[in-house]
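Spelled out, the chains give:
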Amino acid sequence: MQRTSTALVLALITTGIGFLTAACDTQAPNTPTTSSGNTTPGSSNTTASGSGLKIGSLLPATGDLASIGQQMIPAVPFLVETVNACGGVNGQPVTLIQVDDQTDPKAGAAGMTKLATVDKVAGVVGSFASSVSTAAVSIAAQNKVMLISPGSTSPVFTEQAKKGDFKGFWARTVPPDSYQGPALATLANKRGYKRVSTLVINNDYGVGFEQAFVKAFEKLGGTVVNKSNPVRYDPKSTTFESEAAAAFGGKPDAVLGVFYVETGSLLLKSAYQQGLLQGVQVMLTDGMKSDEFPQQVGKTNDGKYIVTGVIGTVPGSDGKALDFLTKLWQSKKGSSPGEFAPQSWDATALLVLAAQAAKENTGTGIANKIREVSNAPGVEVTDVCEGLKLLKEGKDINYQGASGNVDVDENGDVIGIYNVWSVEADGKLKTIDKVSPK
């Protein structure tokens, strides 16, 4: 895990204190408002005075995953606004502080430090990139802040949770790649691919996914042609000719690419320019599920999208609360929820419901009640306001989310289904199937 310098942290803390002081000077008591801050790029604060529940978000508004981050970020304030409109948590409005992690572990660590030590939040929705969550989670656990990720899928978190590294201050509303890897292996087998090569981003997300896929694909009788010499690229690279040549060389039936949008688009463009895509199926994952990436890769000389026919998987959303979120999103933005918006909504919902169940606005209280509000027994609820009402009455609930049932286990994991998506001839991404890891 990368560490943030003392000077950087002190600078962030000093800036954060100045911002908070200014906010206190300009807001009337008990009047929730929205204002912007400059503690980190894209930071904003939906404030409510008093000692009510305070939560943060740590998501990528900029950087390699910005195109996905910007689709999911609005779900967090939407949930907070919904909760505050029906009375808040423990009798008071919820405060939200939003921080842009820039898809960068150093920025994520600095942002998490600010949220925990300056803003003193009880819980945080974040991060999306596994590498950023890796940098943030130890800071969260040390400060007893509950961190719930709507997108970090690395299996490493499960292993660390089993060892007690997070002390219960970690969960996620997206299933780990120990499930998505086998799901994609099942898809490859179903389509008749026998020889597959892998090309992945060299971080917890890429390597963890690669390992899960290889194990599952070989179990199904497939061969990973570069297993002994895997191709892993530096996320800070800007040219990828050698990596593309190594992965596509030897004409495998398919190449599994575990990328982020910005670098992945450059890599696929490089493969095309070297004439390597012809006759090879490209299989991608959730890190590339962005409407922008076909345009970023570009078109052929005859005007066709280079990545037409590419397929991939992404955690699906089939939860009972999805209809409500979809209607809310349509009313506010005139469109359907973006990728990982349901998981972000559910992560926020679990934070507020657990705080109400604990009857205290602390990270420890939330951590102690996360599994209780997300699992049976209890009254099944999809409406977060209904859940809060029942909890105030002393009743048990089992929250059924927008992304799925979000039954959080002892390691902070959930199990889900996966949508299979493809790039159509017009450059649009379309869901064409579903696949299960089983």
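Okay, so let's go over this structure. Quantities reported herein were computed from a predicted structural model and do not represent experimental measurements.

**Some thoughts on the overall build of the protein chain**
Of regular secondary structure, the protein chain possesses 15 helices and 17 strands. Pairs at least 24 apart in sequence give 73% of the contacts found in the protein chain among residues at least 6 apart.

**Examining unusual backbone geometry**
In this structure, Ser 127 follows Gly 126 across a cis peptide bond, with omega equal to -15°. The omega angle of the peptide bond from Ala 376 to Pro 377 is 0°, so this bond is cis rather than trans. Among the structural elements, Pro 377 can be located in the loop between helix H14 (363-374) and strand S14 (379-381). One non-glycine residue, Gln 102, adopts positive backbone phi at about 60°. Tracing the backbone shows Gln 102 in the loop between strand S4 (95-100) and helix H4 (105-117). Positioned with a positive phi, Lys 251 is a non-glycine residue whose angle comes to about 50°. By the secondary structure assignment, Lys 251 is in the loop between helix H9 (241-248) and strand S11 (254-258).

**Thoughts on the pattern of salt bridges**
Enumeration according to the criterion identifies twelve salt bridges in this entry. We note a salt bridge from Lys 332 to Glu 81, for which the minimum N-O separation is 3.2 Å. With Lys 332 in helix H12 (residues 322-333) and Glu 81 in helix H3 (residues 75-85), this residue pair connects regions lying 251 residues apart in the sequence. Where salt bridges share partners, they join Lys 389, Glu 393 and Lys 395 into one cluster.

**Some details on H12**
Relative to the 16 Å expected for twelve residues at 1.5 Å per residue, H12 spans 16 Å between its end C-alpha atoms, a close match to the ideal helical length. Each element contacted by the buried residues of H12 is listed here: helix H2 (66-72), H3 and helix H13 (341-358). Directly after H12, the chain includes Gly 334, whose backbone phi takes a positive value near 70°.

**Topic: H13**
In an α-helix there are 3.6 residues to a turn, and that puts residues three or four apart on one side. With 18 residues, H13 extends 26 Å from end C-alpha to end C-alpha; this agrees with the ideal 26 Å at 1.5 Å per step. Counting buried residues in H13 gives 18 out of 18 residues, a clear majority hidden from the surface. Just past H13, the residue Lys 359 takes up positive phi, approximately 60°.

**Some thoughts on empty space enclosed by the protein**
Counted under the stated rule, the structure contains two cavities of 30 Å³ or more. The computed volume of the largest cavity comes to approximately 80 Å³. Taken together, 13 residues line the largest cavity, and the ones lying closest to its centre are Thr 173, Pro 175, Ser 403, Ile 415 and Gly 416. Here the residues of the lining of the largest cavity sort into six nonpolar, seven polar and no charged.

**A look at the packing of aromatic side chains**
Going through the model one piece at a time under the given rule, you end up with twelve aromatic pairs. When the ring of Tyr 205 is compared with that of Phe 209, the centres are 6.4 Å apart and the planes differ by 80°; the resulting orientation is edge-to-face. Here the residue Tyr 205 and the residue Phe 209 both occupy positions in helix H8 (residues 204-219), the gap between them amounting to four residues, near one helical turn. Assigned by exposure class, Tyr 205 and Phe 209 land together as buried. An aromatic cluster is present here, built from Phe 157, Phe 166 and Trp 170 joined pairwise through their rings.

**Digging into the nonpolar core**
Membership of the largest hydrophobic core comes to 109 residues, with the highest contact counts inside it found for Phe 213 and Phe 293. Of the residues forming this core, the biggest block, eleven residues, is contributed by H13. Contact partners of Phe 293, with chain neighbours within four places excluded, come to Val 261, Ser 265, Leu 268, Leu 284, Met 288, Val 307, Trp 421, Val 423 and Leu 429. Formed by 20 residues, the second largest nonpolar core is a distinct cluster that contains Ala 116, Val 121, Ile 139 and Ala 161.

What counts as what
Residues numbered from 1 in each chain as written. Predicted model: local features only at pLDDT ≥ 70, side-chain atom pairs only at ≥ 80, totals over all residues. Heavy atoms only, no water. Helix = DSSP H or I, 4+ residues; strand = E, 2+ residues; numbered from the N terminus. Contact = heavy atoms within 4.5 Å. Salt bridge = Lys/Arg side-chain N within 4 Å of Asp/Glu carboxyl O. Expected span 1.5 Å × (residues − 1). Buried < 20%, exposed > 50% of the residue type's maximum accessible area, 1.4 Å probe, protein only. 1 Å grid on protein atoms, 1.4 Å probe; cavity = no way out; pocket = protein on both sides within 12 Å on 5 of 7 lines; lining within 4 Å. Points joined across faces, edges and corners; volume = space filled by probe spheres on them. Nonpolar A, V, L, I, M, F, W, Y, C, P; charged D, E, K, R; others polar. Phe/Tyr/Trp six-rings, centres within 6.5 Å; stacked < 30°, edge-to-face > 60°. Core = buried A, V, L, I, M, F, W, Y, C linked by side-chain atoms within 4.5 Å.

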